[in-house]
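Here's the letter readout for the chains.
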Amino acid sequence: MAPPQGASGDPITARSAMMTNPDDVAISAVAYDRMLVRDVIERLTPYLRTRPRWAGDGGDPELVPSLLAETTSRLVLVLHQRLWGHDGETDSHDGILRARRRTRPESIIVAPLDESPLPEWAAGLRSCTLAVVGVDGVADAVLDAMAAAGGSVRAAPPHAPDAPQLRWDTPRAYLTQPRAQTALQHELDALASELPPWFRTEDAQDGTHVVEFPARPYRLIARLDDVGVSFSWVPGPGGAVADGRLLVIEWGGLRRADRGAEALKGATATRERVYRAEAAEPGNWRWRADEPNGRACATVDLVGEWLSGALMARRGFGTA
């Protein structure tokens, strides 16, 4: 069988790839998807020659173009959602990937995370939708593309059987225990503390903006002029944290004369999502979208994604 060929028609070999591509996989994703990025990296690392690299891993922003360049990474995985290309992490990625597509389109994989329109340069590229295939499916698509490009894909590491544990009883899941209520309240308090900084910069411009953060039991609202985001904890019938859900709604069309929670009565819900809590102990709390293969995020990233989206809508982006 003939070896796979690159865009120029030259054979691609594992040795030449190692010389021209120091990294196997680079990932382009917004900062608020850091948990998803970590999950993808965890799935891929055992099978690759090098650990996948993410442009948002806290490194020097000046190095981002080189991470995504075709001379640095054999493949690029784009985790696309509505904020992609509009945030501080990915606003420079569009041009880099557009140039890469012109010479090596087979080296870009796009994984849509929501239903937002993809960039025009992504048309016809290899893709896999997270809601359909899950994290494992995204990782499989990357490994398939790696093998097709002549890269080295290791065999699956052997799975060590779990050691048997002898117990007198079966412990209750943490989120069904009464003590999980304390962790829930801690996360809701953390959520409330994350809201004000997002709108303070806008408020400081000239003092003419309507900025408020009305709160009721188990409900928080962040409002800037005619847009807002509400976060509502809805307890379940059993009362346990595992039974409850967090409902997040982005609102538009708030009237300037209205204040507090009353302002939402005449507003329009433009986007919403339901989350469930995930935690095996107090220190590893996650909010996971309550939908097929839903993304997980920390409280700080939940707030960041939703308030970034509201600000983007206020400026006329992402309102379709």
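Small disclaimer: the values here were computed from a predicted structure and weren't measured.

Criteria and thresholds
- Residues numbered from 1 in each chain as written.
- Predicted model: local features only at pLDDT ≥ 70, side-chain atom pairs only at ≥ 80, totals over all residues.
- Heavy atoms only, no water.
- Core = buried A, V, L, I, M, F, W, Y, C linked by side-chain atoms within 4.5 Å.
- Buried < 20%, exposed > 50% of the residue type's maximum accessible area, 1.4 Å probe, protein only.
- Helix = DSSP H or I, 4+ residues; strand = E, 2+ residues; numbered from the N terminus.
- Contact = heavy atoms within 4.5 Å.
- Salt bridge = Lys/Arg side-chain N within 4 Å of Asp/Glu carboxyl O.
- Pairing = 2+ DSSP bridges.
- Phe/Tyr/Trp six-rings, centres within 6.5 Å; stacked < 30°, edge-to-face > 60°.
- Axes fitted to C-alpha atoms, helices over the stretch in contact; angles between N-to-C directions.
- Parallel < 35°, antiparallel > 145°, perpendicular 65-115°, else oblique.
- Left-handed = near helix turned anticlockwise from the far one by under 90°.

**Q** I tried to follow the nonpolar core on my own but got confused; where do I start?
**A** Inside soluble globular proteins, nonpolar side chains tend to come together where they are buried. Core analysis: the largest hydrophobic core is formed by 32 residues, its most contacted members being Phe231, Tyr275, Trp285, Trp287, Leu302 and Leu307. Here this core gets 6 residues from one element, more than from any other, and that element is helix H8 (residues 299-314). When neighbours within four sequence positions are excluded, Trp285 is seen to be in contact with Met35, Leu175, Ala180, Ala183, Leu184, Glu187, Val241, Ala277, Glu278 and Ala279. Of all hydrophobic cores here, the second largest spans 26 residues; its members include Ala29, Ile41, Leu77 and Cys128.

**Q** Which parts of the structure should I look at to understand unusual backbone geometry?
**A** Backbone geometry places Tyr218, a non-glycine residue, at a positive phi of 65 degrees. Among the secondary structure elements, Tyr218 is positioned in the loop between strand E7 (215-216) and strand E8 (219-224).

**Q** Can you walk me through the side chain of Asp39 in this structure?
**A** Along the chain, the position of Asp39 falls in helix H2 (residues 34-44). Excluding anything up to four places from it in sequence, Asp39 contacts Val135 and Arg286.

**Q** What exactly am I supposed to notice about the pattern of salt bridges here?
**A** When their charged atoms lie close together, side chains carrying opposite charge are able to pair. Summed over all chains, the structure comprises 23 salt bridges. Measuring nitrogen to oxygen at the nearest pair gives 3.8 Å for the salt bridge that ties Asp225 to Arg256. With Asp225 in the loop between E8 and strand E9 (227-234) and Arg256 in the loop between strand E10 (245-252) and strand E11 (268-278), this pair connects stretches of sequence that are 31 residues apart. With a relative accessible area of 14%, Asp225 lands in the buried category. Three or more residues are tied together by salt bridges with common partners; here these are Arg245, Arg276, Glu278, Arg288 and Asp290.

**Q** Mind showing me how you'd approach the pairing of E10 here?
**A** Remark: a regular strand shows side chains that alternate across the two faces of the sheet. For E10, the buried fraction is high: 6 of the 8 residues fall into the buried class. Relative to E10, E9 runs antiparallel, the two being bridged by 8 bridges. Note that in E10 the partner of Val227 across the bridge is Gly252. One ladder, built from 7 bridges, connects E10 with E11; its direction is antiparallel. If you follow Ile249 over to E11, its bridge partner there is Glu272.

**Q** I keep staring at the environment of Thr45 and nothing clicks. Help me out?
**A** Considering the arrangement of structural elements, one finds Thr45 in the loop between H2 and strand E2 (53-54). Put simply, Thr45 and Ala139 are 94 residues apart on the chain and 9.8 Å apart in space, counted from C-alpha to C-alpha. Ignoring anything within four residues of it in the chain, the contact list for Thr45 reads Arg51, Pro52 and Arg154.

**Q** I would appreciate a short explanation of the packing of aromatic side chains in the present structure.
**A** Each aromatic ring pair is specified by the distance between its two centres and by the angle formed by the two planes. Enumeration according to the criterion identifies 5 aromatic pairs in this entry. For the ring pair Phe199 and Phe213, a centre distance of 6.2 Å and an interplane angle of 25 degrees mean the geometry is stacked. Taken together, the residues span a long stretch of sequence, with Phe199 in helix H7 (residues 196-203) and Phe213 in the loop between strand E6 (211-212) and E7 at a distance of 14 residues. When its relative accessible area of 1% is taken as the criterion, Phe199 is described as buried. For Phe213, a relative accessible area of 31% gives the class partly exposed. The interplanar angle of 70 degrees and the centroid separation of 5.4 Å between the aromatic rings of Trp285 and Trp287 together place this pair among those described as edge-to-face. Of the aromatic side chains, those joined through ring pairs into one cluster are Trp233, Trp285 and Trp287.

**Q** It is not clear to me how the packing of helix H6 (residues 180-194) against H8 should be interpreted in this structure. Could you clarify?
**A** To characterise two packed helices, one gives the angle between the axes of the helices and the distance between these axes. Close contact between H6 and H8 brings their axes to 9 Å; oriented N to C, the two are set at 40 degrees. As summarised for this structure, H6 and H8 are arranged oblique, according to the angle between their axes. Of the two elements, H6 crosses H8, and the hand of that crossing is right-handed. Touching Glu187, Ala190, Leu191 and Glu194 of H6 are Thr299, Val300, Leu302 and Val303, all from H8.

**Q** Just checking my understanding: could you explain the sheet that holds strand E1 (residues 23-28) for this structure?
**A** Where strands meet in a sheet, backbone hydrogen bonds hold them as pairs that are either parallel or antiparallel. If you trace the 5 strands from one edge of the open sheet to the other, you get E2-E1-E3-E4-E5, paired in parallel fashion. The open sheet has two edge strands, E2 and strand E5 (126-127), and neither has a second partner. The sheet contacts of helix H4 (residues 93-103) involve E1, strand E3 (73-80) and strand E4 (108-112), and relative to E3 the element is tilted by about 130 degrees. Against the sheet, helix H5 (residues 130-148) engages E1, E3, E4 and E5, with an angle of about 165 degrees to E3.

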